[in-house]
Amino acid sequence: DVKVTQSSRYLVKRTGEKVFLECVQDMDHENMFWYRQDPGLGLRLIYFSYDVKMKEKGDIPEGYSVSREKKERFSLILESASTNQTSMYLCASSRGYEAFFGQGTRLTVV
Amino acid sequence: DQQVKQNSPSLSVQEGRISILNCDYTNSMFDYFLWYKKYPAEGPTFLISISSIKDKNEDGRFTVFLNKSAKHLSLHIVPSQPGDSAVYFCAARDHSGYALNFGKGTSLLVTP
């Protein structure tokens with residue numbers, strides 16, 4: 001069974017903190033993605049990676065960075081968390097056209 | 001600029017009836033279309049897909065129709081069940097890209 005695992009289901013962080021969201025996939029997929037989901041806005045792409053150490057900006061990369069040192073792991077970094085980054089964060093991986101999602105991390109920045 | 005549009009934020013249907021969820025797109029380079037289902041506090045799960053070279057794909061109670069000339073696709077659920085209550089996202093992939101473009105979602109409520 002395919003598996004994308006996000007390190008936390010729920011996180012509460014303070015404004016200005018550096019936040020790390022971790023994602024691991026066990027399907028040997030080349031492509032990995034970070035989306036955020038907000039009510040009324042759907043899923044918006046933050047960053048994606050098509051290979052180890054490769055990354056591309058998505059539609060809303062401001063305030064975020066990513067790291068992919070190993071094929072199975074893709075990390076999202078909030079350099080200095082702000083309240084407008086309170087959201088549901090979703091990691092996904094794919095080889096072909098179908099993406100497989102993790103369970104999501106609900107991040108609250110206070 | 002939203003390339004995949006779901007213009008109905010919500011839909012309510014009685015159990016046993018047909019649910020029809022609609023999706024429009026603007027990018028003629030999209031070659032694959034997918035529907036995902038999402039429950040609260042969970043990640044989206046893949047439901048059904050269709051290639052741009054087809055106009056219909058069926059999987060049990062779920063059928064997706066694609067009208068390329070109108071840049072429109074729809075998801076039909078027959079018969080609808082209370083467990084189908086979820087948010088449904090339409091997604092599309094550009095053949096030259098890696099990532100899926102998602103619509104804003106339609107919240108389906110199936111009432112007993």
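Right above here is the structure, for reference.
Every value quoted in this text rests on a predicted model; they were computed, and no experiment measured them.

(A) Quick peek at the environment of Gln85(A). By the secondary structure assignment, Gln85(A) is in the loop between β8 (73-78) and β9 (87-94). Taking C-alpha positions, Gln85(A) is 28 Å from Tyr97(A), a pair spaced 12 residues apart along the chain.

(B) How the structure looks around the sheet that holds strand β6 (residues 56-59) of chain B. Residues and elements named next belong to chain B. Taken together, the 5 strands give an open sheet; going across it, the order is β1-β3-β8-β7-β6, and neighbouring strands pair in antiparallel fashion. Edge positions in the sheet fall to β1 (4-5) and β6, since each of these pairs with one other strand and no more. Looking at chain direction, β1 and strand β3 (residues 19-25) are connected through 2 bridges and run antiparallel. Of the residues in β3, the one forming a bridge with Lys5 is Asp24.

(C) Examining the state of the cysteines more closely. Going through the model one piece at a time under the given rule, you end up with 2 disulfides over all chains. At a sulfur-sulfur separation of 1.9 Å, the disulfide partner of Cys23(A) is Cys91(A). Given an S-S torsion of about -80°, the disulfide between Cys23(A) and Cys91(A) has left-handed geometry. Within this pair, whereas Cys23(A) is found in strand β3 (residues 19-25), its partner Cys91(A) is found in strand β9, the two being separated by 68 residues in sequence. For Cys23(A), a relative accessible area of 0% translates into the label buried. One disulfide bridge connects Cys23(B) with Cys90(B), the sulfur atoms lying 2.1 Å from each other. As the torsion about the S-S bond is roughly -75°, the Cys23(B)-Cys90(B) disulfide counts as left-handed. Taken together, the residues span a long stretch of sequence, with Cys23(B) in strand β3 and Cys90(B) in strand β9 (residues 86-94) at a distance of 67 residues. A single burial state applies to Cys23(B) and to Cys90(B), both of which are buried.

(D) Inspection of empty space enclosed by the protein at higher detail. On inspection of all chains with the given rule, the structure shows 1 cavity of 30 Å³ or more. The space that makes up the largest cavity amounts to roughly 30 Å³. Taken together, Phe33(A), Tyr35(A), Ser94(A), Gly96(A), Tyr97(A), Glu98(A), Ala99(A), Tyr98(B), Ala99(B) and Leu100(B) make up the lining of the largest cavity.

(E) Region of interest: the side chain of Asp94(B). Tracing the backbone through its elements, the reader meets Asp94(B) in strand β9. If we skip the residues at most four places from it in the chain, Asp94(B) touches Asn27(B), Met29(B), Phe30(B) and Asp31(B).

(F) Spotlight on the pairing of β8(A). All names here are of chain A. With 5 of its 6 residues buried, β8 lies for the most part within the structure. As paired elements, β3 and β8 share 6 bridges and run antiparallel to each other. If you follow Glu22 over to β8, its bridge partner there is Ser75. In this sheet, β8 lies alongside strand β7 (residues 64-70) in antiparallel orientation, the contact comprising 5 bridges. The residue bridging Ser65 from the neighbouring strand is Ile77, located in β8. Joining the antiparallel neighbours β7 and β8 is a turn of 2 residues.

(G) Up close: a nonpolar patch on the surface. All names here are of chain B. A cluster of nonpolar residues, Ile18, Ile20 and Val78, forms a patch on the protein surface that exposes about 230 Å² of accessible area. You can see Ile18 is positioned in the loop between β2 (10-14) and β3. With a relative accessible area of 42%, Ile18 lands in the partly exposed category.

(H) Broad picture of the interface of chain A and chain B. Each partner contributes to the interface: chain A provides 22 residues, whereas chain B provides 18 residues. A per-residue breakdown of the area chain A buries against chain B is headed by Leu43(A), Tyr97(A) and Phe101(A), which together make up 34% of the total. At the boundary of chain A with chain B, the tally comes to 0 salt bridges. Connecting chain A to chain B are 5 residue pairs in polar contact (both at pLDDT 80 or more). Broken down by element, the side of chain A that touches chain B gets its largest block of residues, 5 residues, from strand β5 (residues 42-51) of chain A.

What counts as what
Residues numbered from 1 in each chain as written. Chains lettered and ligands numbered in written order. Predicted model: local features only at pLDDT ≥ 70, side-chain atom pairs only at ≥ 80, totals over all residues. Heavy atoms only, no water. Helix = DSSP H or I, 4+ residues; strand = E, 2+ residues; numbered from the N terminus. Pairing = 2+ DSSP bridges. Disulfide = S-S within 2.5 Å. Buried < 20%, exposed > 50% of the residue type's maximum accessible area, 1.4 Å probe, protein only. 1 Å grid on protein atoms, 1.4 Å probe; cavity = no way out; pocket = protein on both sides within 12 Å on 5 of 7 lines; lining within 4 Å. Points joined across faces, edges and corners; volume = space filled by probe spheres on them. Contact = heavy atoms within 4.5 Å. Patch = residues over 30% accessible without salt bridge, like charges linked within 9 Å, V, L, I, M, F, W, Y side chains within 5 Å. Areas by Shrake-Rupley, 256 points an atom, 1.4 Å probe, with all protein chains shown as cover. Salt bridge = Lys/Arg side-chain N within 4 Å of Asp/Glu carboxyl O. Buried area = accessible area lost by both parts, 1.4 Å probe. Polar contact = N/O pair within 3.5 Å; in protein donor to acceptor, adjacent residues only side chain to side chain.

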